[in-house]
Structure formats: structure tokens, C-alpha cells
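So the chains spell out like this:
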Amino acid sequence: MTKRARYGSILLNILLFAIVVASAYFARYHHFRNEEKKNPDFLPFTRESAMMYSYSLRVARGEGIPKFDEELAGLEKVPVASQMSIGLEYFLGYGYRLKNLFFGVAESPGSPFEDSPDFTRWARIQMRAWISLSAGLIFLWLIFARVKPLHALLFAMIYAFAPAAISRATGQDLIRELFAIPFIISFFTFSRAWLGKGRAVWIVLALISEFLALATWDMTQLCFAIWGLYEIIRLFRIGSMSRRRKTFVYLSYATAILAAFLVPYLRAHSFYASPLMAVIFPLLVVLPLLSSRRDNAVKRMLVFSLSALFFIVAWRFALSVFSYGANYSHFLSLLIAKIKFMNVKPALPSLLDFDSRILWTPALHSATMRIFRFLFPAMPYLLAILLCIRFFSRKRKFSRFTPSLGLPLFCSIFFFLLFIFMVRFHVLAIIFICVACALLSEDILRSATKRFAKAVLYTLVLLALLSELDISLRLVEGGGRSYEGEYIGETSDLIRWMRSADLKGKTVLTAFTISPMLKAYCGTNIVLQPKFELPATRDMVEEYLKIIYKGNEQDLSKFCEKYGVDFYVFDKGYNGAMHPDSSRYCADAENFTREAPVFRFYHKRERDKLRGFYEIEPPKELPSLSHKYLLFKVISKKDYADSLKLVSEARLALKNHDIMKACELAEKAVYLDPFSYKARILHVEIFGRPAMIKLERYKELGI
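Bear in mind the structure is a predicted one, so any value in this text is a computation, not a measurement. (Residues numbered from 1 in each chain as written. Predicted model: local features only at pLDDT ≥ 70, side-chain atom pairs only at ≥ 80, totals over all residues. Heavy atoms only, no water.)

S.K.: I keep staring at the pairing of strand 3 (residues 567–571) and nothing clicks. Help me out?
M.R.: Regular strands place side chains that alternate from one sheet face to the opposite one. For strand 3, a buried count of five out of five residues is recorded, marking the element as mostly surrounded by other parts of the structure. A two-sided burial pattern is seen for strand 3, the buried positions comprising Phe567, Val569 and Asp571 on one face and Tyr568 and Phe570 on the other. Here strand 1 (residues 507–509) pairs with strand 3 via two bridges, running parallel. Bridge pairing links Val508 to Phe567 in strand 3. Relative to strand 5 (residues 629–634), strand 3 runs antiparallel, the two sharing five bridges. When the bridges of strand 5 are listed, Val569 appears paired with Leu631. (Buried < 20%, exposed > 50% of the residue type's maximum accessible area, 1.4 Å probe, protein only. Helix = DSSP H or I, 4+ residues; strand = E, 2+ residues; numbered from the N terminus. Pairing = 2+ DSSP bridges.)

Given below as C-alpha cells:
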């Protein structure tokens, strides 16, 4: 190829890369616009996304992420970087500051729901743009695998419009896996370039991608473990490794070791005791030294088996010393339960342990035929058809694309099977399925001699593209993601009310699905959160659910005392019928007594009997709020004692004719303990009317 032709080829690839990325972005933007129309006033980040949003906003403001977060009650002494993989937050926060540096801060109308609508808007734009790079990187992967540019473009466009690639990537949610996916694809893309006799720059980029992928999403270790397992199988089949492949494996192991000790989250979760670090990488280092092409099958099997046994035993010992097993036991428990019950969640919650019950919910629920047809309308079928064509072809011997094909095909099968058990892994399955289909079809086209055969193959690929596009467009026409059952309106009203009352610094107890939003948009301290990697987080959620379904008011009061709770938000959904995704199922509470908090807080007549929790009525302009949530002032032992003390001080002030001071003390007394008879009587004596407890007065009174 002449120099001019080479530059022309590079420019063409850059242009096609840009087309793919732009197409992927606008497909995701189109989906998000339809989601936004359902909730035009306010579309909040939820669950873990809200946690990430709160830290991203701190970075955007220049405050940074605190080493210890006092807003996480019960986990104040655990470093934030040990609780979650930090990376996306800095990316969004500094991205916003960079945008402001060049374009200035966009003027946006104030919002009763959030501090910075402009940051929210930009974070979603930036997130969509970032994940859209994945489609372009798949195009480059295929180019480095020597697929023709137009053919690579076709399959990259399939990925750009595939529902499985779009469904979690519209920008509505901030998800760590979406931030890590471009790094994961970059690792495989640049490793393909290096192994294809490329320059040293490709291996450097691959190793940087590996480090960043591990640092930003801990489940990336699964991708690298499957890659390592494929390399072990390949080594067993061939008997040796090329010098380039050995170099890549050794440097990849060194990079993973670096990440294990430099990344706080991986260090806290003992990543160095993972199967990847303790078994797979060591085997890839040792086996090439112990085997060769000349070994017969028996000797090779013996060497591989003994080596694997040695490292597995060493790994099992490491699990007894380090915390890796405890940190990820919930994930293993869920997988074992799904296999045990044939991927069908049992009707009886007692058949599962707590970790399995709480995790076997979206997005870790099992795939159904409806979900499968929606997420994968065509690509798995295309992959199966292409494999059959290749297998039954007269020319059984694969072409030069075989080395590039093995890994994506192996990963496609693994992640598709994992998707069947845990739906969220569709985001990884679709990547490898698209790449495997592209390489298979290119391989078949190269060996096909008849035009008719090529026409049939192109027709199949175009039908797959149209099918993926059709389902994607139908989703848009149907309004996109369904928010039915999420009570966005009522939750938005709760946020609006608590923001107007300015409860920053107050500790609020509520469901772990709601808590992150209160932290993100109201600045409150929270007790429960959805980051279940830490056993302490799971234990708090389990204890809370056990109390509200199987305990009593006194048990809940003790729980609130333990974590310094000021306000309690009761979700009326707790009292609903038990179904596999309900909190009632998670608590294994098919029945509960009349003394259980879930019964007493739900029924008005029973609420009137409460003595440790005082219900605060919402403003009249938020009438629908009480259909879903009830807010209570938690009356602690200290509140009870302080209220009586203030009553005494107020009466002394009255005796000394200090009316202003008496008014202030009397009001504080009744707000600390609204059930106090003495405080109530004093309030009537001074103000001439019963006290009407309003949430916003707590801030004004400084209590």
C-alpha cells in the first residue's frame, strides 16, 4: 500500500468512526427524550445513580469527595473510596468544570427539586457521549482484526442501535459499568492491534485501559477472568505462546497487581485474593514455562491439572485470610440459588437466604422470554446461523480470522449464559456477539465463491440490523422506559418538601432505594444505601427489614437511636401484598403481627398509638405525597429529656417575665417531643393555641 493510500485509509476509518459514534449518541438521546417527556418537571437519578450524582456534584462545585462521609450513618469511619469504585464522579465533575471554563455556566431557572439543573443536564450529555464511544471502539476492534471498513461499519451500527446496548445507556442513570465499558472494549481493541504485529503504543494503551477498567468497576475482573480462561484453553490446545502474547500476559498481570494495591476499593476488597489474581494469571505465567508443542495430550493434561490444583488450593487458603470471599459472597449466593432453583425465583422466600432475596431483583433478576425478545431481537439468532454455515461449510478450515474470532465467540457464549441468570449482563453480551458475528460473516465471505451465497449473507446481516432498529424504534414510540411502580411523582414531592424545610445535616431513615435520592437532592444524612458489596451495608438493611416486619416500635426506636436518626420516612408499599420483588419477600414476612411497625405505621388508628414517632403532615399543596410516604419525627431519649428541661427553663423565663425567651423555649420543647403533655400545655398557655408541627420550623428553631 502506498503512503497516499495508507493516509486515505486512515482518514476513511476516522470518518466512519465519527459516524458510528454520532449515530450511537443520537439513538441514545432520542430514547432519553421520550423518557424525559414522562416526567417533564423532574426526572431524578435513583438508587446508586443518586449516590454517584451527589459525589459528582461535589467535585463539580470544587469541594471534592471527602475521605470519610459523615452523611453515611453507620459507615462514617469507612473511607468512601473503600465503599465504592470512584472514577465516574471525577469524570463528570471535572468534565462539567472544563465545560464551564470554555463555554461558561449556562443560565437555568431555579428548581424546587435540585441545586444545579445545568449540571444534571450536562452530566447526562457527557455520560451519553462517553458510552457512545463504545460503538466506535467496536468498529476499531474489527478494523484491527482486518475486517473490511464497510463491513465493520455495518456491525458497529448494529451495536449502536441494539436495544441491549441502549436500554441502560440513555443518560437517565449513572452506572459504573457504562463508564467502564469503553475501557473494557479498548483493552480488547488495542490488544488485538498489538497481537496483530502492531506498534508498542497499542500495548501501552491496552494496559492503561485495563488499569482504568479495573479501577472504575470492580466487576471488570470477570471480563479479564474470562479472557484469561480463554488464553489457558488456547494454550492447552496449542501448547505454547508467541513472544508477543507472553509479553502481553505478563504485563497485564503486572498491571492488575498495580491496580490491586493502588486502587483503594480493590485494596479494601482484597482483589489480590480473587480467582483472576490468585489462579488464572499465575497459570498463564507458569504454564508456558512447563509445556511445549512437543508434549503429548496426556503430559499436557497432567501439567495443566496439577498446576491448576496447586493454585486453586492456594487461593482457597487466601480466602480464609483475606476478605474477598466475604465481600462477594452475596453474588455467589445469588448465582448458586439461581442454579439450584432452575433460574426461577421460588414463591417461598424462606427457601433463599437474605442476600439472595434482596439481590434477586432488577437488574439482577433472571431473563424471561419477553426480556430476551426485547433485548436480543436478532443478534443471537444471527450468531447461531453463522456458526451453522461455517460448521457445515465444505471448506471446514477457518481462514486467517480464526485467531481473532475465538475470544469474542468464547465471551459471547459466556456472557449470554450469564445474561440468562442475571439480566444486567446483556450490556457485555451484546458487545461480544456483535464482534463475533462480524468476524464470522467476514470469514464466510472470504471463503465464499458464489455471488448468491454472499447475497444471502448480506441479506441476513441487513435483516438483523433492521430487526434491532425496529425494536429500538418501537421502544421510543412506546415512551421508552416504564416508570410504573416507581412513584416518581410522590418521590419528587417528598424531595421538594424536604428541600424546602432545609434538612441538611439531619439523619433520615427510609428504604435503601429512596435514601440515596434524599442524600443527593436534600443533603440529608442517610442510614441505608444500595451499595451491597460491604457486608456492613447488607447487615443494616437486613436488620431494618427484620425490625419493621417482625419487631415492634421499641425495636425500631432502638435502631434509630443506634444511628442517630432524626426523621423517619415510612413507605406505604411495605404493607402491600407479598410478591417476589417486594420488601416483604426480602424480609421473609408472609405474615406479621399488629405490633409490627409496618402495620402500626400504615393504619391511621394504629399510628395514633405511637409514642416514639410523631407524624408530620405534608403541606396542602402536596396532597398526593401521603398516598406513598409518611414522615415522622423520631423522638429519642435525649429529645425526651431535653424537652422536659426546656419546659422547666421556659417556666423559669415566664416567672422572670422574659416572654420572648419563654416563647422560644416552649416552641423548641414541643418540637423536640410533640407527645410531651407538659410541653403541649405550656405551648397553649403561652401561645393560646395547640402546637401545629411543621417540618420547616426545625431548621428555623435550630433543632
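S.K.: Which parts of the structure should I look at to understand the side chain of Ser116?
M.R.: Topologically, Ser116 is positioned in the loop between helix 4 (88–103) and helix 5 (117–144). Excluding residues within four positions of it along the chain, Ser116 makes contact with Tyr53, Leu57 and Tyr96. (Contact = heavy atoms within 4.5 Å.)

S.K.: Where do I start with the sheet that holds strand 4 (residues 613–616) in this structure?
M.R.: Strand order in the open sheet formed by five strands is 2-1-3-5-4, with mixed pairing between adjacent strands. The sheet terminates laterally at strand 2 (525–526) and strand 4, the two strands that pair on one side only.

S.K.: Mind showing me how you'd approach the side chain of Lys99 here?
M.R.: Secondary-structure assignment places Lys99 in helix 4. Of the polar contacts made by the side chain of Lys99, one reaches the side chain of Asn100; its length is 3.0 Å. Apart from the residues lying within four places of it in its own chain, the contact partners of Lys99 are Gly104, Ala106, Asp118 and Trp122. (Polar contact = N/O pair within 3.5 Å; in protein donor to acceptor, adjacent residues only side chain to side chain.)

S.K.: Teacher, can you tell me more about the packing of helix 5 against helix 8 (residues 176–195) here?
M.R.: When two helices pack together, their arrangement is captured by the angle between the axes and the distance separating the axes. At a closest axis distance of 9 Å, the pairing of helix 5 and helix 8 adopts a crossing angle of 15°. By the angle class used here, helix 5 and helix 8 are roughly parallel. Between helix 5 and helix 8 lies a crossing whose hand is left-handed. Packed against helix 5, whose contacting residues are Met127, Trp130, Ile131, Ser134, Leu137, Ile138, Leu140, Trp141 and Phe144, the element helix 8 presents Leu178, Phe179, Ile181, Pro182, Phe183, Ile185, Ser186, Phe188, Thr189, Phe190, Arg192 and Ala193 at the interface. Partitioning the contact of helix 5 with helix 8 into residue classes produces 17 nonpolar, three polar and one charged. (Axes fitted to C-alpha atoms, helices over the stretch in contact; angles between N-to-C directions. Parallel < 35°, antiparallel > 145°, perpendicular 65-115°, else oblique. Left-handed = near helix turned anticlockwise from the far one by under 90°. Nonpolar A, V, L, I, M, F, W, Y, C, P; charged D, E, K, R; others polar.)

S.K.: I tried to follow helix 22 (residues 488–500) on my own but got confused; where do I start?
M.R.: At 3.6 residues per turn, the α-helix brings residues three or four places apart onto the same side. Over its 13 residues, helix 22 extends 18 Å from the first C-alpha to the last, a length consistent with the 18 Å expected when each residue adds 1.5 Å. For helix 22, the complete set of buried residues consists of Ile488, Glu490, Thr491, Ser492, Asp493, Leu494, Ile495, Trp497 and Met498. Packing partners of the buried residues in helix 22 comprise strand 1, helix 23 (515–522), strand 3, strand 4 and strand 5. In the segment just after helix 22, Asp502 is the residue with positive phi, at about 50°. (Expected span 1.5 Å × (residues − 1).)

S.K.: I tried to follow the pattern of salt bridges on my own but got confused; where do I start?
M.R.: Side-chain pairs of opposite charge can arise where the charged atoms are in close proximity. This model, assessed by the stated rule, comprises 29 salt bridges. We note a salt bridge from Asp69 to Lys519, for which the minimum N-O separation is 2.7 Å. Highlighted residues: Asp69 in the loop between helix 2 (47–60) and helix 3 (80–83) and Lys519 in helix 23, separated in sequence by 450 residues. A relative accessible area of 5% places Lys519 in the buried class. Residue Asp443 is joined to Arg390 by a salt bridge in which the shortest nitrogen-to-oxygen separation is 3.5 Å. With Asp443 in helix 20 (residues 426–447) and Arg390 in helix 18 (residues 379–391), this residue pair connects regions lying 53 residues apart in the sequence. Like Arg390, Asp443 is buried. (Salt bridge = Lys/Arg side-chain N within 4 Å of Asp/Glu carboxyl O.)

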